[in-house]
Amino acid sequence: MQIRYDVEKIKSIISDFSNITGISMSLLDTEFNWIATFAHNSPAFCEKIRSHKKGDILCYQSDLDILKKCRKAKGFVSHTCHAGIIDSAMPLMKNGIISGYIIFGRIRPAKDVDEICKNIAWLGEDPDDLRESYMKISYYNAEQILSMSRLVSEILFANAIVIELDEPLKTAVAYIENNLAEDLSLERLCSVCHASKNMLYKCFRDTFGTTVNRYVTEKRLTAATRRIENSDTPIYKIAEDVGINNYTYFCKLFRKHTSVSPSEYRKDLRRVQCADAVRLKHINTEESGIL
């Protein structure tokens, strides 16, 4: 297996993303080597932190800490750094293969500004100046950050990152991706790939660190999660469409996958979307009043 990065395209993509959102973004390979990083219009608050030797060290340690958490979790993680700023990291993953990591930084949470200023009193800056610069940092909620990370991941894989798999794994992965509702037993996949069970098992274990059956289940649950998020299709129908015909068993697997039931997941998502819509309407109304 080989991972190819088009560095120039990666730089262009994350530069545009950073410029539009006001969020700093970095991309690293699987060994945490920096490939590209951009932070257009870097907040004055963060510049104050990094200009101090202690602050610069703490920022580096914060980045390394969240990357380690992300690698261990094999999924999206967020934390609040020493300066009260949200950092998030997400593995760049396609077909179960991690090809790198994205860090999103410099996002303002809804926190007590005075408490934050106390925590960084060692800067020696005027508290009023710190408050003012802190409140100018971009604000996004957790759902928006997660959506942005998914979008960037899809754009990068579509334009700048290529994972080249060896046969017969390449054939097996493509067949699974395009036939989730069909028979995806080990015997069937071996027939499709013209490979022995031992060979296919070894390919999945060495590349994905899991068994063929677990890989298939993960792909089905991921596909089901996306459909629950983006459609109003009945959940029992979604389960059938991804190849899990026993609804009770599907709910059990989904809860293990997300920590909530499929119906709870959809309900929680709709509640967040409604709250965002109300907030956006309120903001637009206020802006209209100003204009």
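If you're wondering where the values come from, they're calculated on a predicted model, not measured in any experiment. Within each chain, residue numbers correspond to sequence positions counted from 1 in written order. Given that the model is predicted, a residue must reach a pLDDT of at least 70 before its local features are reported, and side-chain atom pairs must reach 80 or more before they are shown or counted; all residues, however, enter totals for whole chains, interfaces and linings. The side-chain quantities take in all heavy atoms of the structure and omit both hydrogens and water.

Trainee: Before we go on, may I ask you to explain the pairing of strand β6 (residues 97–107) in this structure?
Mentor: The two faces of the sheet receive side chains in turn, since in a regular strand these alternate between them. We call a residue buried when its accessible area falls under 20% of the maximum for its residue type, exposed when it is over 50%, and partly exposed in between, using a 1.4 Å probe and counting protein chains only. Only runs of H or I of at least four residues qualify as helices and only runs of E of at least two qualify as strands under DSSP, and these elements are numbered from the N terminus. Across the 11 residues of β6, 10 count as buried, placing the element largely inside the fold. Paired strands, in this sense, are two strands between which DSSP finds at least two bridges. Pairing of strand β2 (residues 24–28) with β6, which is carried by five bridges, proceeds in the antiparallel orientation. Following the sheet pairing, Ser24 is matched in β6 by Gly105. Bridge count for strand β5 (residues 86–94) against β6 is eight bridges, and the pairing is antiparallel. Looking at the pairing, Met93 lines up with Ile98 of β6. Taking the residues that link successive antiparallel strands as the turn, the β5-β6 hairpin has two residues, and the phi of Asn95 there is positive, at about 55°.

Trainee: Please clarify how the environment of Arg108 should be interpreted in this entry.
Mentor: With respect to the helices, strands and loops of the structure, Arg108 is situated in the loop between β6 and α4 (113–119). Arg108 sits 24 residues away from Gly84 along the chain, and the two C-alpha atoms are 7.6 Å apart. If we skip the residues at most four places from it in the chain, Arg108 touches Tyr134, Met135, Ile137, Ser138, Tyr139 and Tyr140. The contact rule is simple, with two residues in contact once any of their heavy atoms fall within 4.5 Å.

Trainee: Sorry if this is basic, but what is going on with the pattern of salt bridges here?
Mentor: Pairing of side chains with opposite charge becomes possible as their charged atoms draw close. We define a salt bridge as a side-chain nitrogen of Lys or Arg found within 4 Å of a carboxyl oxygen belonging to Asp or Glu. This model, assessed by the stated rule, comprises 17 salt bridges. A salt bridge links Arg4 to Glu164, with the nearest nitrogen and oxygen atoms 2.7 Å apart. With Arg4 in strand β1 (residues 2–5) and Glu164 in strand β7 (residues 161–164), this pair connects stretches of sequence that are 160 residues apart. Judged by its relative accessible area of 30%, Glu164 is partly exposed. Between Asp63 and Arg50 there is a salt bridge, and its shortest N-O distance comes to 3.9 Å. In this pair, Asp63 sits in helix α3 (residues 53–73) while Arg50 sits in helix α2 (residues 44–51), placing the two residues 13 residues apart along the sequence. Put simply, Arg50, Asp56 and Asp63 are held in one network by salt bridges that share partners.

Trainee: Where do I start with the state of the cysteines in this structure?
Mentor: One way to say it: the disulfide is the covalent bond shared by the sulfur atoms of two cysteines. Put simply, a disulfide is two cysteine sulfurs that come within 2.5 Å. Counting across every chain of the model gives zero disulfides. No disulfide involves Cys59; its sulfur sits 6.2 Å from that of Cys81, the nearest cysteine. Counting only cysteine sulfurs, Cys190 is the nearest neighbor of Cys193, a cysteine outside any disulfide, at a range of 7.3 Å.

Trainee: It is not clear to me how unusual backbone geometry should be interpreted in this structure. Could you clarify?
Mentor: For residues besides glycine, phi is generally negative; the peptide bonds are generally trans as well. A cis geometry characterises the amide bond from Glu167 onward to Pro168, with omega recorded as 0°. Positive phi, close to 55°, is recorded for Lys74, a residue that is not glycine. Within the secondary structure, Lys74 is located in the loop between α3 and β4 (77–80). Judged by its relative accessible area of 54%, Lys74 is exposed. In this structure, Ser259 takes a positive phi of about 80° despite not being glycine. Looking at the element boundaries, Ser259 is found in the loop between α12 (247–258) and α13 (262–290). By relative accessible area, Ser259 is classed as exposed at 61%.

Trainee: Help me understand helix α7 (residues 169–178) in this model?
Mentor: Note on helix geometry: an α-helix contains 3.6 residues per turn, so any two residues three or four positions apart are oriented the same way. Of the residues making up α7, those classed as buried are Leu169, Ala172, Val173, Tyr175 and Ile176. Buried residues in α7, looked at end-on, bunch into an arc of 165°, giving them a common side. Of the surrounding secondary structure, the elements contacted by the buried residues of α7 are α8 (186–193), α9 (197–208) and α10 (212–230). Here the arc refers to the set of directions running from the helix axis out to each C-beta atom.

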